[in-house]
Amino acid sequence: MGPTRAQFVQYAPAALAVVPLVAGPWSALAAAAAGAGAWAVNVSAPVLRSLIGCGFTATGCGIAAHEVLAAGGNPLIALGLAVPAGAAALAHHRNITGHTPALVPATTGAGAAVGLTSQEQVITAYWKEFISGPTQTEDRKLIQPGANLEHFGLEIDGDHVAFSGIITLPQGQQVRVRASDIASVYRVPVSQVELGDPKHYAPNALPVTVQLRVPAAQPQLAAGAPTTPEEQWDAYVGVPEGAMPGTTLTLTRYDGPKDWEGIATRDRRAIGTVNLQDLAGNLDLETIQIALAPTDKPSQMGVRVMREHALMHGTMLSSVVDELSMDSRGYIRAGTYVDGRAALLPLAQPGSGARHLYLVGGSRSGKSGLLEQILLSAHRSGIAVVLASPQAGTIAGASLSAYLGDGLDEAMGALRLAYALMLDREARYRSPAFPFTDPLVLVVIDEAHMLLSASSPYHLEAKAIVEQLTRRSLKRGIGVVLATQTPLAEDLGNSTVIRSQLLIGGGAVFLRCAKGQGSLVGANAVEGAVGIDLSMIPSQWPGQYAKVADRDMSGLATEAAAAPEDGTFGLGYLLTPGSQAVQFRSLHLDVPPVSLAGGESPVGIEDCDAWRERDAISQTPMVDKRGKNLVGSLADLLAAAEAAASAQEPAAHHYPAGLHAVPGPARSGGAPAAPEGQELIKPRILELLQEHSIPMTAETIARKLEIPATRVKPRLSELKKRGEVINEHGLWRAA
């Protein structure tokens, strides 16, 4: 059996190289010159051997043919000698198929046209050799036979070389050539091969573009890259996709790349709401390093970038005592803006009524300190306070309130009293032009989510009352200060009415919240504060952790006081109606706010029916069991309270420290005498709760004891104050 076709192609150059040796030394010299040239250009060993063999064969056959013709021999013999030369050339071509040369751009100058044609020929030859055919060897398969490259075009522009065309197959066939196949043939990255989307073209025709050579990537920091704040602003902020498109920056102070101030201006168009997160991303800064300050012109916005935060050292409460009282415009000092100006909160609007305040702040954010400060300002401004504190004992300045609802049940009673006061004033003052001979009243609701959320036992009643208060109370001189731990809708009982009325009727303070609970976007969006994420406010200033690491083992310093630099307490954003949220920090309580009250008694509420019947009102539910049909008039409310009072003796008054009970029959020690039968109910309640390990609602206890619930609830509250029972979300159990 003779050699196979593949073996013949592989060994033919070596066999044919022996033939021309008899023809003379010229063939050997030619082959040696070809081998030396190939070695000089560093070709691979297989290519070098093939080239030497082919040189011997072709040169030798050529010399032999010349000698035959010169001696007058038969021309057919000379023609036959040319056949081995052609076979040697074909064998050489087959031997170097795995060692393709790099594609280079065509030459320029006099030989440009010739070089360009040569480049096109090489590219199309590669396509036919490895992709479409028509030839195919036994040890190498074509990628897709018949996938011809039509409409070929070559583009050469300096260092850039690319060709394009359309991969075409007969009708009924589908292109299966992949970008990776083409990249392997032309030895380029796959990213430099672009194939058309088959969904937009015929199955048998697919456009292709191959970048054979791409220009070298330019360095990122090239000459002319934005470095100054103005250049960075123009490149990243003022562009259409930036945080403040169409704006330009004018610097007013520059102390370094991360410590400057300026004015952003948009030509004759309002800037609108700015997303702080986007702005920080544009300038490659943290959100807390940027502060915005609205100006009188809607087309301008003040911008401040800080290396060290301007509010780190805080403003002492004791240093601004004279600014705590309400001014003629109804504002009080709440803290300091990032630009050093006084941050003011409105508690009243002259000639119109009171103002609301929405306060958001998580644990250790400074929310309670700001509430104490507001209580002090109200006291110094002659404003009476009704305080509802579901989490008992959390407000140190509670003694400054005229009525204190301390604990979940008592806080609900404070809400009922506030609603009754509003109905009372509506009944006494029908005209919208309220003369305000009665004092302004602030209804302060701390931890409002404990009353308003769906898990609260008072959810429906509290939601109905707060909605009416925020809608109707301002004209009657009653403002609502509502504090929650997060801006989430569920903390307000999923009531859009409460949030919108709070923001329309006054200001808002946003302090740090827990991670994932402080975003003011989406369902929790607040106009004027878009893009603020309260969880991004850090709990510590930069470098504080290193400071804490320096331990002092000398013992606990009981006289030491926290400095403003020890944390970011009170740092947040203040939003007043019609403006952008501005970064500020509340006053640092270097002295307890209640100590600045001068020992005076709390501002009292006017003598009216609602105040005189406050104890009965605070114990009277104002909605039915479905949470509907809120009592709508003072007469109906007093009637309901009288009906409840007829079934029981009045409960003890809820007086804060500093107020005294109305004189009456007293026991030893001056305490008011307990109504008859009151002490008989409490032991029965305790006995029932101790016998049953399952917590019960007040209604269940009343049903088991066969006593009206209106008599059981006050006794439960008294037992809770004595620490004998515990109330957890409306369920009572023995302590």
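Note that the structure is a prediction, hence the values are computed from the model and not measured.

**Section: the nonpolar core**
Note that soluble globular proteins tend to have their nonpolar side chains buried in a common cluster.
Item 1. Grouped together as the largest cluster of nonpolar side chains are 87 residues, with contacts concentrated most on Trp 233, Met 244, Leu 279, Ile 445, Leu 482 and Phe 510.
Item 2. For this core, the leading source of residues is helix 10 (residues 408-428), giving 12 residues.
Item 3. What Phe 510 contacts, discounting residues up to four positions off in sequence, is Tyr 358, Val 360, Leu 520, Val 526, Ala 529, Leu 534, Gly 572, Tyr 573 and Leu 575.
Item 4. Of all hydrophobic cores here, the second largest spans 39 residues; its members include Ala 398, Val 444, Ala 483 and Leu 574.

**What to know about the environment of His 729**
Item 1. Examined against the element boundaries, His 729 turns out to sit in the loop between strand 21 (725-728) and strand 22 (731-734).
Item 2. You can call His 729 exposed: its relative accessible area is 64%.
Item 3. For the pair His 729 and Tyr 458, spaced 271 residues apart in sequence, the C-alpha separation works out to 9.2 Å.

**A short note on helix 10**
Item 1. In this model helix 10 runs 31 Å from its N-terminal to its C-terminal C-alpha over 21 residues, within 8% of the 30 Å that 1.5 Å per residue would give.
Item 2. Counting buried positions along helix 10 gives 19 out of 21 residues, so the element sits mostly inside the fold.

**Section: the confidence of the model for the protein chain**
Item 1. Put simply, the protein chain has an average pLDDT of 79, and 77% of its residues get 70 or more.
Item 2. Ranking the helices and strands of the protein chain by mean pLDDT puts strand 16 (residues 441-445) first, with 97, and helix 1 (residues 5-18) last, with 43.
Item 3. Note that residues 218-223 has pLDDT below 50 and, in this model, zero contacts with residues that lie over four places away or in other chains.
Item 4. Within the model, pLDDT remains below 50 along residues 649-677, and this stretch shows 37 contacts once partners closer than five positions in the same chain are excluded.

**Quick notes on the environment of Ala 644**
Item 1. Looking at the secondary structure, you find Ala 644 in helix 17 (residues 634-646).
Item 2. Ala 644 sits 24 residues away from Thr 620 along the chain, and the two C-alpha atoms are 6.9 Å apart.
Item 3. Beyond its immediate chain neighbours, meaning those up to four positions away, Ala 644 contacts Thr 620 and Thr 710.

**So, the packing of helix 12 (residues 459-472) against helix 13 (residues 496-504)**
Item 1. It is at 9 Å that the axes of helix 12 and helix 13 come closest, and there the two elements cross at 25°. Classified by the angle their axes make, helix 12 and helix 13 are roughly parallel. For the element pair helix 12 and helix 13, the recorded crossing hand is left-handed. When helix 12 is examined against helix 13, the residues Lys 463, Val 466, Glu 467, Thr 470 and Arg 471 are found in contact with a partner set consisting of Val 497, Ile 498, Gln 501 and Leu 502.
Item 2. Partitioned by chemical class, the residues of the contact of helix 12 with helix 13 number four nonpolar, two polar and three charged.

**Observations concerning the environment of Ala 205**
Item 1. Mapped onto the elements, Ala 205 comes out in strand 4 (residues 205-213).
Item 2. Between the C-alpha atoms of Ala 205 and Thr 168, which are 37 residues apart in sequence, the distance is 4.7 Å.
Item 3. Once you skip the residues sitting within four places of it in the chain, Ala 205 turns out to touch Ile 166, Ile 167 and Val 175.

**Some thoughts on the sheet that holds strand 3 (residues 193-195)**
Item 1. Strand order in this open sheet of four strands is 1-2-4-3, and the pairing throughout is antiparallel. With partners counted over all chains shown, the strands left at the sheet margins are strand 1 (148-157) and strand 3, one partner each. Neighbour to neighbour, the strand axes of the sheet diverge by 15° on average, direction disregarded.
Item 2. Pairing of strand 3 with strand 4 involves three bridges; the strand directions are antiparallel. By the bridge assignment, Val 193 is partnered in strand 4 with Val 210.

Quick notes on the rules
- Residues numbered from 1 in each chain as written.
- Predicted model: local features only at pLDDT ≥ 70, side-chain atom pairs only at ≥ 80, totals over all residues.
- Heavy atoms only, no water.
- Core = buried A, V, L, I, M, F, W, Y, C linked by side-chain atoms within 4.5 Å.
- Buried < 20%, exposed > 50% of the residue type's maximum accessible area, 1.4 Å probe, protein only.
- Helix = DSSP H or I, 4+ residues; strand = E, 2+ residues; numbered from the N terminus.
- Contact = heavy atoms within 4.5 Å.
- Expected span 1.5 Å × (residues − 1).
- pLDDT = per-residue confidence, 0-100.
- Axes fitted to C-alpha atoms, helices over the stretch in contact; angles between N-to-C directions.
- Parallel < 35°, antiparallel > 145°, perpendicular 65-115°, else oblique.
- Left-handed = near helix turned anticlockwise from the far one by under 90°.
- Nonpolar A, V, L, I, M, F, W, Y, C, P; charged D, E, K, R; others polar.
- Pairing = 2+ DSSP bridges.

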